[in-house]
Amino acid sequence: MTTLTMDTAQELAAFLRNRREGLDPGRLGLPSRRQARRTPGLRREEVAELAGVSTDYVVRLEQGRGLRPSAEVLTALARALRLDPSERDYLFDLAGHRRPGPADGPAAGATPSLARLVGDLSPLPAMLLDHRYDILAYNPEMARLLPGFETVPQARRNAMWLCLLHPEMRDFYADREQVLRDGIAHLRAAWAAHPEDQELSALITEFATQDEDFARMWSEREVSVNGRGRKLLRHPVAGAITVDFEVLLPLQDPGLRLLVYRPADEESRASLDRLCAP
């Protein structure tokens, strides 16, 4: 179906082209040109002018010719391309300029204290994820909420794998498109921050080759991560449940994500209570 090349230099080139072509010259207040635009977005010379670099430099960057732009150049490009904070971090990660903190490497697993915290959050469904979306810890309420979760082998207990490839969860999220977009944006940012993580690269390649929706959305290069919101769930036993979700980052383990669901209304609360009753 789709073959991915997990190469940061080529992704940097593609990302810069993608964001340049997505900009509206008129909204940036650029002067009109007599020559009609043959391609969408800004021209390379316009980006070069806004960033204070040469057009040839922008061309070589977009061709993936092995350039290593400085932090100053990246800052200027991010400003010229109107990147949001998540997109800017992604650009810096691709260029190898964001230095990880002392605890920002790939997580080895859930510490006992974090695993206990997940359990202590009952009766709210909660689970602990690493940067790959592997599920490191979960409480009984989350296990009961996710259809067929306890029949899934430990090696496949990954939140994105469940959403994409677990048959019992295919229709679990009413807005599956948005859930996938949020997850893919996170995985893209995680890959840029951990380009050495071969397991993560293999996982992304597997998803792209086995699911057309993933391949399509991955190619759109969204990187903004949504850490709070609302989801409508369609449980095969409990019916419709609306939850508000919150993603929390442990201070000493910033590579991990604590995901907590709260019922959004009384009807959803009652449905969760019935589902999770002993």
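Rules used throughout
- Residues numbered from 1 in each chain as written.
- Predicted model: local features only at pLDDT ≥ 70, side-chain atom pairs only at ≥ 80, totals over all residues.
- Heavy atoms only, no water.
- Helix = DSSP H or I, 4+ residues; strand = E, 2+ residues; numbered from the N terminus.
- Buried < 20%, exposed > 50% of the residue type's maximum accessible area, 1.4 Å probe, protein only.
- Salt bridge = Lys/Arg side-chain N within 4 Å of Asp/Glu carboxyl O.
- Pairing = 2+ DSSP bridges.

1. Observations regarding the environment of P140
- You can see P140 is positioned in helix α7 (residues 140–145).
- For P140, a relative accessible area of 48% corresponds to the partly exposed category.
- Sequence separation between P140 and G119 is 21 residues; the distance between their C-alpha atoms is 7.9 Å.

2. Quick look at the pattern of salt bridges
- One pass over the full model with this rule turns up 24 salt bridges.
- In this structure, E62 and R44 form a salt bridge, with 2.8 Å as the shortest nitrogen-oxygen distance. Taken together, the positions of E62 in helix α3 (residues 55–62) and R44 in helix α2 (residues 44–51) put the pair 18 residues apart, joining distant regions of the chain.
- Across the pair E206 and R156 runs a salt bridge, and its minimum N-O distance is 2.9 Å. Linking E206 in helix α10 (residues 198–210) with R156 in the loop between α7 and α8 (159–165), this pair joins segments that are 50 residues apart in sequence.
- Take E206: its relative accessible area is 16%, and that puts it in the buried class.
- Assessed through its relative accessible area of 29%, R156 is described here as partly exposed.
- One salt-bridge network, held together by shared partners, links R170, R176, E177, R181, D211, D213, R216, E220 and E222.

3. Focus on the pairing of strand β2 (residues 135–138)
- For strand β1 (residues 126–129) and β2, the ladder comprises 3 bridges, and the chain directions are antiparallel. Counterpart to M127 in the pairing with β2 is Y138.
- Where β1 folds back on β2, the antiparallel hairpin that results is connected by 5 residues, among which Y133 adopts a positive phi of roughly 75°.

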